[in-house]
Amino acid sequence: MTKTYFLTGTDTEVGKTVVSSALLQCAAHQGYQTAGYKPVASGSEWLNEGLRNSDALTLQKFSTVELDYHRVNPYCFETPTSPHIVSQEMNQPIDFNVMSEGLSYLKQQADWVLVEGAGGWFTPLSENQFFSDWAINEKLPVILTVGVKLGCINHALLTQQAIIQSGLTLAGWVANEVEPAGRYQKEYLATLKQHIKAPFLGKIPYLNEVKEHNFTPYLDLSCLKQSR
């Protein structure tokens, strides 16, 4: 049975893709056939191959299963804004069925699938639906990325509360140092560990370059929870 997780963040720009890369690499190190999935991405650029999102390209790179780009990222938008805005602007509605069909395909190709969300837990995909609604429909256990900086405790605990109230399993969380460690870094981490009621999977230090980095020393996936 394929293990599948949904990765969300405490906010945008908290390094979800760094954490995705680390998780995929660690799962591969454990012997899994892995696939990363970024069903919706905004903020992309035109390359020779077409419109491409850098986060989705990173997931494609760190997947052990060879995947066509559009299998990794079915909804790709150029403008770097909330998906529901650019989707409406481009007259390209985001269909949950398309997202689910894409996930189903990846589950047939790999035995460890990581779905990376966009922004935080309540990122809208339309006027009436959030990314979290799709994750709830799919009953995906959630991994939370916490960008360690001033304000992260409040954001992390509010996100945890929302995930738990949704009925999904908070499978684990990762501390990602999105900036050089400050004076109170240890205190931030201690408070997060005390109040986040899910396994701590590890801390990724502040990195200038991640493309070829070995993440396996930083994370421990052995304590990841599964769905209830």
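Definitions and cut-offs
Residues numbered from 1 in each chain as written. Predicted model: local features only at pLDDT ≥ 70, side-chain atom pairs only at ≥ 80, totals over all residues. Heavy atoms only, no water. UniProt positions renumbered as here; feature names shortened; annotations may be inferred. Helix = DSSP H or I, 4+ residues; strand = E, 2+ residues; numbered from the N terminus. Rg over C-alpha atoms; globule rule 2.2 N^0.38 Å. Buried < 20%, exposed > 50% of the residue type's maximum accessible area, 1.4 Å probe, protein only. Contact = heavy atoms within 4.5 Å. Areas by Shrake-Rupley, 256 points an atom, 1.4 Å probe, with all protein chains shown as cover. Lys, Arg positive; Asp, Glu negative; His and termini not counted. Charge placed at Lys NZ, Arg CZ, Asp CG, Glu CD. Disulfide = S-S within 2.5 Å. Axes fitted to C-alpha atoms, helices over the stretch in contact; angles between N-to-C directions. Parallel < 35°, antiparallel > 145°, perpendicular 65-115°, else oblique. Left-handed = near helix turned anticlockwise from the far one by under 90°. Nonpolar A, V, L, I, M, F, W, Y, C, P; charged D, E, K, R; others polar.

The protein chain carries the name ATP-dependent dethiobiotin synthetase BioD in an unreviewed UniProt entry, which gives Proteus cibi as its organism. For the protein chain, the Subunit (unreviewed entry) comment in UniProt is given as "Homodimer." What UniProt states about the protein chain under its Function (unreviewed entry) heading is, verbatim, "Catalyzes a mechanistically unusual reaction, the ATP-dependent insertion of CO2 between the N7 and N8 nitrogen atoms of 7,8-diaminopelargonic acid (DAPA, also called 7,8-diammoniononanoate) to form a ureido ring."

> Any details on the overall build of the protein chain? Residues and values, ideally.
When its secondary structure is counted, the protein chain shows eight helices and 10 strands. Rg of the C-alpha trace for the protein chain: 16 Å, near the compact-globule value of 17 Å for 228 residues, within the 12% margin. For the protein chain, the spread of C-alpha atoms along the principal axes amounts to about 45 × 40 × 35 Å. Per-residue burial over the protein chain gives 49% buried out of 228 residues. Taking the intrachain contacts of the protein chain between residues at least 6 apart in sequence as the baseline, contacts between residues at least 24 apart amount to 78%. For the protein chain, the accessible area works out to roughly 11100 Å², and carbon and sulfur atoms hold 48% of it. For the protein chain, the centre of its 17 positive side-chain charges and the centre of its 22 negative side-chain charges are spaced 11 Å apart.

> Requested: an account of the state of the cysteines, with residues and values cited.
Evaluated as defined, the whole model comprises zero disulfides. Take cysteine 152: it sits in no disulfide, and the sulfur closest to it among the cysteines is that of cysteine 223, at 19 Å. With no disulfide of its own, cysteine 223 lies closest to cysteine 26 among cysteine sulfurs, the gap being 11 Å.

> Requested: an account of the packing of helix H5 (residues 96-109) against helix H6 (residues 131-138), with residues and values cited.
Two elements in contact, H5 and H6, have axes separated by 11 Å at closest approach and are oriented at 50 degrees. Considered as vectors, H5 and H6 are oriented oblique to each other. Remark: the crossing between H5 and H6 carries right-handed chirality. From H5, Phe96, Met99, Ser100 and Leu103 reach across to H6, where they touch Phe131, Asp133, Trp134, Asn137 and Glu138. Of the residues in the contact of H5 with H6, the class split is five nonpolar, two polar and two charged.

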